[in-house]
Amino acid sequence: MVFKNPFKKVSPEEMKTKLSISEQRLTAREKELKKKQEKARSEAKDALAKGNDREFRVASRRYSLVEGQVNTIGSMVEMAQSMSDVIEMQTGLKEVAEIGEDLGQWQKQLGFDTGKLESAVTNIRTSMEKVNTASTMMTSTMDAAMGGNAELTEMQDSLRSELLAELSSSEPAKDELSKKIDSELAETE
């Protein structure tokens, strides 16, 4: 039985292909979630128009949860795009570093000090490591941001206000609904 080495170094071309595939999958998932989000928003609006507070809470919670997923996936798509850019830069920097090594050897042959050039190459490598570290930190931050109940309540309140405003301006409402909307808007102000 042959085992694959999980720590095998991946070539830049393989990584770009994997990132492209991941980006496409994430984008497809994002579109799917946006449809669910719009459906939940519509259900919340209908429930609010009917005065059914329980259905509104359920639909607005669903809307808020999907909103969080959409935002996270959007950030992941951006991160995949940034990583693709980093890979392209890294490939270019690798070529520059190789040319730099050649120049260093030629400078040695001519009697020049190559310490400065080697320091520049080290700085380039350090910079790439910092970019990778920042990418890892972004991922951790997004994971931590996914669980926020205070944000959920704020988002539900914001959605309620937005939908009430839409309902009050889109069509003349029944007297009972108008009174409820006016009282809800007065409470939020």
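Structure's up top.
A brief look at the structure comes next. This is a predicted model, so every value here is computed, not measured.

Along its length, the chain carries 5 helices and 0 strands. Scanning the chain from its N terminus toward the C terminus, one meets helices and strands in the order α-α-α-α-α. Look at the contacts in the chain between residues 6 or more apart in sequence, and 75% of them connect residues 24 or more apart. Total accessible area computed for the chain in this model is approximately 13900 Å², and 53% of it derives from carbon and sulfur atoms.

Looking now at helix α2 (residues 53-110). Taking 1.5 Å of rise per residue, the 58 residues of α2 would be expected to cover 86 Å, and the 83 Å separating its terminal C-alpha atoms lies within 8% of that figure. Its side-chain oxygen 3.3 Å from the backbone nitrogen of Arg54, Asn52 forms the N-cap of α2. One or two steps after α2, the chain reaches Gly111, where phi turns positive at roughly 95°.

To continue, consider the pattern of salt bridges. This structure, assessed with the given rule, holds 8 salt bridges. In this structure, Arg41 engages Glu166 in a salt bridge whose closest nitrogen and oxygen atoms are separated by 2.5 Å. Here Arg41 is found in helix α1 (residues 12-50), whereas its partner Glu166 is found in helix α4 (residues 149-170), with 125 residues between them in sequence. A salt bridge links Glu43 to Arg62, with the shortest nitrogen-to-oxygen separation between them at 2.7 Å. Of this pair, Glu43 sits in helix α1 while Arg62 sits in helix α2, placing them 19 residues apart in sequence. Glu43 gets classed as partly exposed once you look at its relative accessible area, which sits at 31%. It is possible to trace a salt-bridge network through shared partners that takes in Arg41, Lys45, Glu162 and Glu166.

So, about the side chain of Glu67. Within the secondary structure, Glu67 sits in helix α2. Despite its burial, Glu67 remains without a salt bridge, the nearest opposite charge being carried by Arg41 at 8.4 Å. When neighbours within four sequence positions are excluded, Glu67 is seen to be in contact with Gln37 and Met155.

Note on placement: Leu93 falls in helix α2. Linking Leu93 and Ile124, residues 31 residues apart in sequence, is a C-alpha distance of 7.6 Å.

On the surface, Ile99, Leu103 and Trp106 cluster together to form a nonpolar patch covering roughly 310 Å² of accessible area. Within the secondary structure, Leu103 sits in helix α2.

Viewed as axis vectors pointing N to C, α1 and α2 meet at an angle of 160°, and their least axial separation amounts to 8 Å. The pairing of α1 with α2 is recorded here as roughly antiparallel in orientation. You can see that α1 and α2 cross each other, and the crossing is left-handed. Within the contact of α1 with α2, the residues separate by chemical class into 20 nonpolar, 8 polar and 12 charged.

Attention shifts here to α1. Counted at 1.5 Å a residue, the expected span for α1 with its 39 residues is 57 Å, and the 56 Å between its end C-alpha atoms agrees. Along α1, the positions that sit buried rather than exposed are Leu19, Leu26, Glu30, Leu33, Gln37, Ala40, Arg41, Ala44, Ala47 and Leu48. One or two residues past the end of α1 sits Gly51, with phi positive at roughly 80°.

Below, the discussion takes up the nonpolar core. Among soluble globular proteins, nonpolar side chains are generally buried collectively. Judged by nonpolar contacts, Ala40, Ala44, Ala47, Leu48, Phe56, Ala59, Tyr63, Leu159, Leu163, Leu164 and Leu167 together constitute the single largest core of 11 residues. The set of elements that each furnish at least two residues to this core consists of α1, α2 and α4. With residues up to four places along the chain from it excluded, the contact list for Ala59 reads Ala40, Glu43 and Ala44. Residues Leu26, Val66, Val70 and Val77 belong to the second largest nonpolar core, which totals 6 residues.

Rules behind the numbers
- Residues numbered from 1 in each chain as written.
- Predicted model: local features only at pLDDT ≥ 70, side-chain atom pairs only at ≥ 80, totals over all residues.
- Heavy atoms only, no water.
- Helix = DSSP H or I, 4+ residues; strand = E, 2+ residues; numbered from the N terminus.
- Contact = heavy atoms within 4.5 Å.
- Areas by Shrake-Rupley, 256 points an atom, 1.4 Å probe, with all protein chains shown as cover.
- Expected span 1.5 Å × (residues − 1).
- Polar contact = N/O pair within 3.5 Å; in protein donor to acceptor, adjacent residues only side chain to side chain.
- Salt bridge = Lys/Arg side-chain N within 4 Å of Asp/Glu carboxyl O.
- Buried < 20%, exposed > 50% of the residue type's maximum accessible area, 1.4 Å probe, protein only.
- Lys, Arg positive; Asp, Glu negative; His and termini not counted.
- Patch = residues over 30% accessible without salt bridge, like charges linked within 9 Å, V, L, I, M, F, W, Y side chains within 5 Å.
- Axes fitted to C-alpha atoms, helices over the stretch in contact; angles between N-to-C directions.
- Parallel < 35°, antiparallel > 145°, perpendicular 65-115°, else oblique.
- Left-handed = near helix turned anticlockwise from the far one by under 90°.
- Nonpolar A, V, L, I, M, F, W, Y, C, P; charged D, E, K, R; others polar.
- Core = buried A, V, L, I, M, F, W, Y, C linked by side-chain atoms within 4.5 Å.

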